[in-house]
Amino acid sequence: MTTLADISVMLKRARRHAGLSQEILAQRAGVARTTVARMETQANNDMSVSALVRLLYAAGFDLRAVLQGNYSLERFLTRQRQDENAR
(Lines give C-alpha, C1' and ligand atoms only; values in the text may rest on other atoms or scores of the structure.)
Protein backbone atom coordinates (compact mmCIF):
# COMPACT_ATOMS: atom_id res chain seq x y z
CA MET A 1 0.00 0.00 0.00
CA THR A 2 1.26 3.45 -0.87
CA THR A 3 1.29 5.73 2.15
CA LEU A 4 1.51 9.51 2.48
CA ALA A 5 5.14 9.01 3.46
CA ASP A 6 5.75 7.12 0.20
CA ILE A 7 4.07 9.89 -1.80
CA SER A 8 6.17 12.54 -0.06
CA VAL A 9 9.35 10.68 -0.97
CA MET A 10 8.17 10.20 -4.57
CA LEU A 11 7.40 13.91 -4.92
CA LYS A 12 10.82 14.88 -3.59
CA ARG A 13 12.52 12.40 -5.93
CA ALA A 14 10.52 13.68 -8.90
CA ARG A 15 11.52 17.27 -8.11
CA ARG A 16 15.18 16.35 -7.73
CA HIS A 17 15.10 14.20 -10.88
CA ALA A 18 13.83 17.26 -12.77
CA GLY A 19 16.66 19.32 -11.25
CA LEU A 20 14.23 21.80 -9.71
CA SER A 21 14.31 23.68 -6.44
CA GLN A 22 11.16 23.78 -4.35
CA GLU A 23 10.73 27.42 -5.38
CA ILE A 24 10.96 26.79 -9.13
CA LEU A 25 8.69 23.73 -8.96
CA ALA A 26 6.15 25.72 -6.96
CA GLN A 27 6.20 28.54 -9.52
CA ARG A 28 5.72 26.12 -12.42
CA ALA A 29 2.82 24.42 -10.64
CA GLY A 30 1.20 27.64 -9.45
CA VAL A 31 1.45 26.82 -5.74
CA ALA A 32 3.37 28.32 -2.84
CA ARG A 33 6.85 27.01 -2.03
CA THR A 34 5.58 26.21 1.45
CA THR A 35 3.06 23.83 -0.14
CA VAL A 36 5.92 21.90 -1.74
CA ALA A 37 7.84 21.83 1.54
CA ARG A 38 4.79 20.66 3.51
CA MET A 39 4.02 17.91 1.02
CA GLU A 40 7.63 16.71 0.94
CA THR A 41 7.78 16.51 4.73
CA GLN A 42 4.15 15.53 5.43
CA ALA A 43 3.73 18.53 7.73
CA ASN A 44 0.29 18.24 9.32
CA ASN A 45 -0.33 15.28 6.98
CA ASP A 46 -1.12 17.96 4.40
CA MET A 47 -1.50 16.31 1.00
CA SER A 48 -3.69 18.08 -1.53
CA VAL A 49 -4.31 15.76 -4.47
CA SER A 50 -4.85 18.64 -6.88
CA ALA A 51 -1.58 20.26 -5.79
CA LEU A 52 0.21 16.90 -6.02
CA VAL A 53 -0.99 16.39 -9.60
CA ARG A 54 0.13 19.91 -10.59
CA LEU A 55 3.51 19.52 -8.90
CA LEU A 56 4.22 16.16 -10.51
CA TYR A 57 3.17 17.50 -13.91
CA ALA A 58 5.45 20.53 -13.45
CA ALA A 59 8.33 18.12 -12.69
CA GLY A 60 7.60 16.14 -15.86
CA PHE A 61 5.70 13.27 -14.26
CA ASP A 62 2.15 11.98 -14.49
CA LEU A 63 0.08 10.61 -11.62
CA ARG A 64 -1.50 7.26 -12.42
CA ALA A 65 -3.38 4.70 -10.42
CA VAL A 66 -1.70 1.30 -10.58
CA LEU A 67 -3.16 -1.91 -9.24
CA GLN A 68 -0.92 -3.97 -7.02
CA GLY A 69 1.46 -5.91 -9.19
CA ASN A 70 2.15 -2.90 -11.47
CA TYR A 71 -1.06 -3.29 -13.45
CA SER A 72 -2.18 0.17 -14.54
CA LEU A 73 -5.76 1.30 -14.00
CA GLU A 74 -5.94 2.32 -17.66
CA ARG A 75 -4.98 -1.20 -18.75
CA PHE A 76 -7.47 -2.69 -16.31
CA LEU A 77 -10.32 -0.50 -17.61
CA THR A 78 -9.41 -1.22 -21.24
CA ARG A 79 -9.43 -4.94 -20.57
CA GLN A 80 -12.73 -4.65 -18.69
CA ARG A 81 -14.30 -2.82 -21.67
CA GLN A 82 -12.99 -5.48 -24.05
CA ASP A 83 -14.48 -8.23 -21.89
CA GLU A 84 -17.84 -6.42 -21.78
CA ASN A 85 -17.86 -5.98 -25.57
CA ALA A 86 -17.03 -9.65 -26.07
CA ARG A 87 -20.17 -10.70 -24.19
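As shown above, the structure is provided for reference.
An account of the accompanying structure is given in this report. (Residues numbered from 1 in each chain as written. Predicted model: local features only at pLDDT ≥ 70, side-chain atom pairs only at ≥ 80, totals over all residues. Heavy atoms only, no water.)

**Digging into the pattern of salt bridges**
Heads up, the condition is: Within this document, salt bridges are pairs made up of a side-chain nitrogen of Lys or Arg and a carboxyl oxygen of Asp or Glu, the two lying within 4 Å of each other. Each helix is a run of H or I in the DSSP string that is no shorter than four residues. Each strand is a run of E no shorter than two, and both are numbered from the N terminus.
Taken as a whole and judged by the stated rule, the model has 1 salt bridge. Between glutamate 40 and arginine 15 there is a salt bridge, with its nearest N and O atoms 2.6 Å apart. Taken together, the positions of glutamate 40 in helix α3 (residues 33-41) and arginine 15 in helix α1 (residues 4-17) put the pair 25 residues apart, joining distant regions of the chain.

**Observations regarding the nonpolar core**
Rules: In these notes, a set of buried Ala, Val, Leu, Ile, Met, Phe, Trp, Tyr and Cys residues joined through side-chain atoms within 4.5 Å is what counts as a nonpolar core. Relative accessibility thresholds used throughout: buried, under 20% of the residue-type maximum; exposed, over 50%; partly exposed, between the two (1.4 Å probe, protein chains only). Two residues form a contact once any of their heavy atoms are found within 4.5 Å.
With 16 residues, the main nonpolar core has Leu11, Leu25, Val31, Val36, Met39, Leu52 and Leu55 as its most contacted residues. Elements with a contribution of two residues or more to this core: α1, α2 (22-29), α3 and α4 (49-58). The biggest single contributor to this core is α4, with 5 residues. Not counting residues up to four positions away in its chain, the partners in contact with leucine 11 are Met39, Glu40, Leu52, Leu55 and Leu56.

**Some points on the environment of isoleucine 7**
Among the structural elements, isoleucine 7 can be located in helix α1. Spatially, the C-alpha atom of isoleucine 7 lies 8.5 Å from that of methionine 39, the residues being 32 residues apart in sequence.

**Details of the packing of α2 against α4**
The geometry of a pair of packed helices is captured by two quantities: the angle between their axes and the separation between those axes. The criterion, for reference: Convention adopted: a line fitted to C-alpha atoms gives each axis, helices being fitted over their contacting stretch, and angles between N-to-C directions are expressed from 0 to 180 degrees. Angles are sorted into four bins: roughly parallel if under 35 degrees, roughly antiparallel if over 145, roughly perpendicular if 65 to 115, and oblique for all others. By convention, the crossing between two helices is left-handed when the near helix turns anticlockwise from the far helix through less than a right angle, and right-handed when the turn is clockwise. Any residue that is not Ala, Val, Leu, Ile, Met, Phe, Trp, Tyr, Cys, Pro, Asp, Glu, Lys or Arg is counted as polar, Gly included; the first ten are nonpolar and the last four charged.
Running from N to C, α2 and α4 cross one another at 110 degrees; their axes reach a closest spacing of 8 Å. By the criterion of interaxial angle, the relationship of α2 to α4 is roughly perpendicular. Of the two possible hands of crossing, α2 and α4 adopt the one that is right-handed. Note on element contacts: α4 touches α2 through Arg54, Leu55 and Ala58, opposite Leu25, Ala26, Arg28 and Ala29. Looking at the contact of α2 with α4, its residues break down into 5 nonpolar, no polar and 2 charged.

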